[in-house]
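A closer look at the structure
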Amino acid sequence: MSAVSDRLPAFPWDKLAPYKATASAHPGGIVDLSVGTPVDPVPELIQKALIAAADSPGYPTVWGTPELRDALTGWVERRLGAREVTHRHVLPIVGSKELVAWLPTQLGLGPGDRVAYPRLAYPTYEVGARLARAGYEVYDDPTELDPRGLKLLWLNSPSNPTGKVLPKEELTRIVAWARSHGVLVFSDECYLELGWDADPVSVLHPDVNGGSYEGVVAVHSLSKRSNLAGYRAAFLAGDPQVLAPLLEIRKHGGMMTSAPTQAAVVAALGDDEHVRIQRERYAARRDALRAALTGHGFRIEHSEASLYLWATRGESCWETVAHLAGLGILVAPGDFYGEAGASHVRVAFTATDERVREAVRRLA
């Protein structure tokens, strides 16, 4: 066990503990804007679907029910503009973080292979490469990477932590480059429905992939769009030649979404109204926090999508974390996401309306 755990970096969130203690000691209580976990209720129609499927004594299937696969293919075509999507093009997963962490291993990568991801990125991309004992590197422009030995290229648009959105033309260029070099592209699109100043585009759109899913897979999650982080509900869509062996591996590993969760996903993907309502909540919180932060001397960069504001005061991110903790506000230091984030903090706008109002009051 120690041989596996020794491959991993220190868990970054443990470093926030003393700052969380400081923020928690504030007379008005902590305003936690660090993790970005949903706090609003699970929509009632989704809860009802979960409850209706609660009597599920048998094992669920890894590939999901036909109803679930219909819901996945229908949503991918309706929302992402994908075409001719069949059940072979989709695969349910047990939350997107599980997939990110174990994908290099499930793809059979190891020493001598390389995984690449953005210079500022979700730390689990690196963790996945480390678990597989593969090499890993960061990029600003992936087409400038040496393609030799590069087996997996992670895209992330909208970005966590910056909220940056890759334009359609940029995605098209990257996909064409990756295909020309036989590099598999996995596009983490978990924040795609949360575009504010830009309209994010999926790699599954025919304008990006030329009408072919060869070498391209998108990762989607219901955690943020439907407040289902506690349900662990996500899915893959794309190249069936990639998904078929992943399905077989996951069958052997028992990596199956629970039957009640599968029913809840069907309900969630079939309803757009709850997504609209949740977007309105987040938009109001985003506007309030953005104005308060800029008024407090911060500069907001990128942040055109996702659930975060990428903010800086031109100082060490840990100085900023300490300053805000003194106000009872906890944020994530930018260097959690790479050395390039050393002067930024990530501010989530997933707190309740009451806590956001309190943060705005303190920043004023």
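A brief look at the structure comes next. Being a predicted model, the structure only gives us computed values, none of them experimental.

**Notes on the packing of aromatic side chains**
In this description, an aromatic ring pair is defined by two values, namely the gap between the centres and the angle between the planes. Tallied over the full model, the rule gives 12 aromatic pairs. Judged by centre distance (5.9 Å) and plane angle (65 degrees), the ring pair of W318 and F336 falls under edge-to-face. Here W318, found in helix α12 (residues 317-326), pairs with F336, found in the loop between β12 (332-333) and β13 (345-348); they are 18 residues apart in sequence, far enough to count as distant. In this structure, W318 and F336 share a single accessibility class: buried. Plain terms: the ring middles of F336 and Y337 are 6.4 Å apart, the flat faces sit at 55 degrees to each other, and that makes the pair tilted. An aromatic cluster of at least three residues, connected via ring pairs, comprises W13, Y19, W318, F336 and Y337. When the ring centre of W63 is taken as reference, the NZ or CZ atom of R69 above it lies at 3.9 Å. Here R346 stacks its cationic end above the ring of Y308, 3.8 Å away from the centre of that ring.

**Regarding the pairing of strand β4 (residues 135-139)**
With five bridges connecting them, strand β3 (residues 114-118) and β4 associate as parallel partners. Residue pairing for β4: P118 is matched across the bridge by Y139. As for the winding sense of the linkage, the β-α-β connection from β3 through helix α6 (residues 124-131) to β4 is right-handed.

**Concerning the pattern of salt bridges**
In total, this model carries 24 salt bridges according to the counting rule given. With its nearest N and O atoms 2.7 Å apart, the salt bridge here joins R250 to E98. Note that R250 is positioned in helix α9 (residues 240-253) and E98 in helix α5 (residues 96-106), a separation of 152 residues in sequence. A relative accessible area of 1% places R250 in the buried class. For R313, the salt bridge is made with E315, and the minimal N-O distance between the two is 3.0 Å. With relative accessibility at 29%, the residue R313 sits in the partly exposed group. Linked by salt bridges that have partners in common, D40, R285 and D353 make up one network.

Cut-offs used in this document
- Residues numbered from 1 in each chain as written.
- Predicted model: local features only at pLDDT ≥ 70, side-chain atom pairs only at ≥ 80, totals over all residues.
- Heavy atoms only, no water.
- Phe/Tyr/Trp six-rings, centres within 6.5 Å; stacked < 30°, edge-to-face > 60°.
- Helix = DSSP H or I, 4+ residues; strand = E, 2+ residues; numbered from the N terminus.
- Buried < 20%, exposed > 50% of the residue type's maximum accessible area, 1.4 Å probe, protein only.
- Lys NZ or Arg CZ within 6 Å of the ring centre and 35° of its normal.
- Pairing = 2+ DSSP bridges.
- Right-handed = clockwise from strand over helix to strand, strands pointing away.
- Salt bridge = Lys/Arg side-chain N within 4 Å of Asp/Glu carboxyl O.

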